[in-house]
Amino acid sequence: MAKKGHFLLGVLVGGAAAIGATLLLTPKTGKELQAKLADLGDDLADRAQDYYYLMSETAEDLKNGAKVHVNRAQDYANDWQDNAIDIKEQAKAHFDEKTADLKSQFGSSLDPAKDDFDDIVIDGKSAFGQAKDDLVETAETVAEEATQPAEATETVEPTDK
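What counts and how
All residue numbers here refer to positions counted from 1 along the written sequence of the relevant chain. Whole-chain, interface and lining totals are the exception, using all residues; otherwise, since this is a predicted model, local features are given only for residues with pLDDT of at least 70 and side-chain atom pairs are given and counted only at 80 or more. Computation of side-chain values: all heavy atoms of the structure, hydrogens and water removed. Starting at the N terminus, helices and strands are each numbered in turn, a helix being any DSSP run of H or I of at least four residues and a strand any DSSP run of E of at least two. In this scheme, a residue with accessible area under 20% of its type's maximum is buried, one over 50% is exposed, and one in between is partly exposed, where area comes from a 1.4 Å probe on protein chains only. Calculation of accessible area relied on Shrake-Rupley with a 1.4 Å probe; when residues are assessed, cover is drawn exclusively from the protein chains displayed. Here, a salt bridge means any Lys or Arg side-chain nitrogen found within 4 Å of an Asp or Glu carboxyl oxygen. Residues with no salt bridge and a relative accessible area higher than 30% make up the patches, which join like charges within 9 Å and nonpolar side chains (Val, Leu, Ile, Met, Phe, Trp, Tyr) within 5 Å. All tallies of charge rest on Lys and Arg as positive and Asp and Glu as negative; His and the ends of each chain are not included. Where a charge lies is defined by one atom per residue type: Lys uses NZ, Arg uses CZ, Asp uses CG and Glu uses CD. For a helix, the expected span equals 1.5 Å multiplied by the number of residues minus one. Scored from 0 to 100, pLDDT records how confident the predictor is in each individual residue.

Here's the deal with the overall build of the protein
When its secondary structure is counted, the protein shows 3 helices and 0 strands. Counting helices and strands in the order they occur from the N terminus, the protein gives α-α-α. Of all 161 residues assigned to the protein, the portion counted as buried reaches 1%. By element, 60% of the accessible surface of the protein is carried by carbon and sulfur atoms, the whole surface being about 15,100 Å².

If you want it as structure tokens, here you go:
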């Protein structure tokens, strides 16, 4: 667009220079030349005003077109957001449905509120104390057996050789 603007400016400046040179170099009287230059100035002012209005209208059209595109983009974004929300809700409903199916398959065993292990209480201190007592008792029994003489059930006679 900038190249076109520069070209148009060059055409206008070149045209104005050519017209000015032609008017100044032709043999005319001063009054005719002044009238001709006044008419030329009025024409140039009218043309400049026409270009100004044309550019204003073009800018307004571009601005309105941009607004339309922005509105469309916002509509698309809103549609995408609505679709994402719908997909999220569908996924959550599917998850809830599958969770309910699993709960129905496994019964109440998945329900943490129903704890069937309330009657089993393991006290670590007492359990280790009981194991220690059992070990001490076993050690005493073994020690007693070791100190008692073994009963001889057979007699072995020495042989003379």
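Now that the structure has been shown, we can carry on.
What to know about the pattern of salt bridges
What the rule picks out here adds up to 1 salt bridge. In this structure, K92 engages D96 in a salt bridge whose closest nitrogen and oxygen atoms are separated by 3.1 Å. Taken together, the positions of K92 and D96, both in helix α2 (residues 30–106) and 4 residues apart, correspond to about one turn of that helix.

Remarks on a negative patch on the surface
Together, D133, D134, E137, E140, E144 and E145 make up a region of like negative charge exposed at the surface. Its location among the elements puts E144 in helix α3 (residues 124–147).

Let's talk about α2
With 77 residues, α2 ought to run about 114 Å at 1.5 Å a step, and its terminal C-alpha atoms sit 112 Å apart, in line with that. Backbone geometry just downstream of α2 places G107 in the positive-phi region, at approximately 70°.

So, the confidence of the model for the protein
Predicted confidence across the protein gives a mean pLDDT of 80, with 77% of residues reaching 70 or more. No element of the protein has a lower mean pLDDT than α3, at 77, and none a higher one than α2, at 90.

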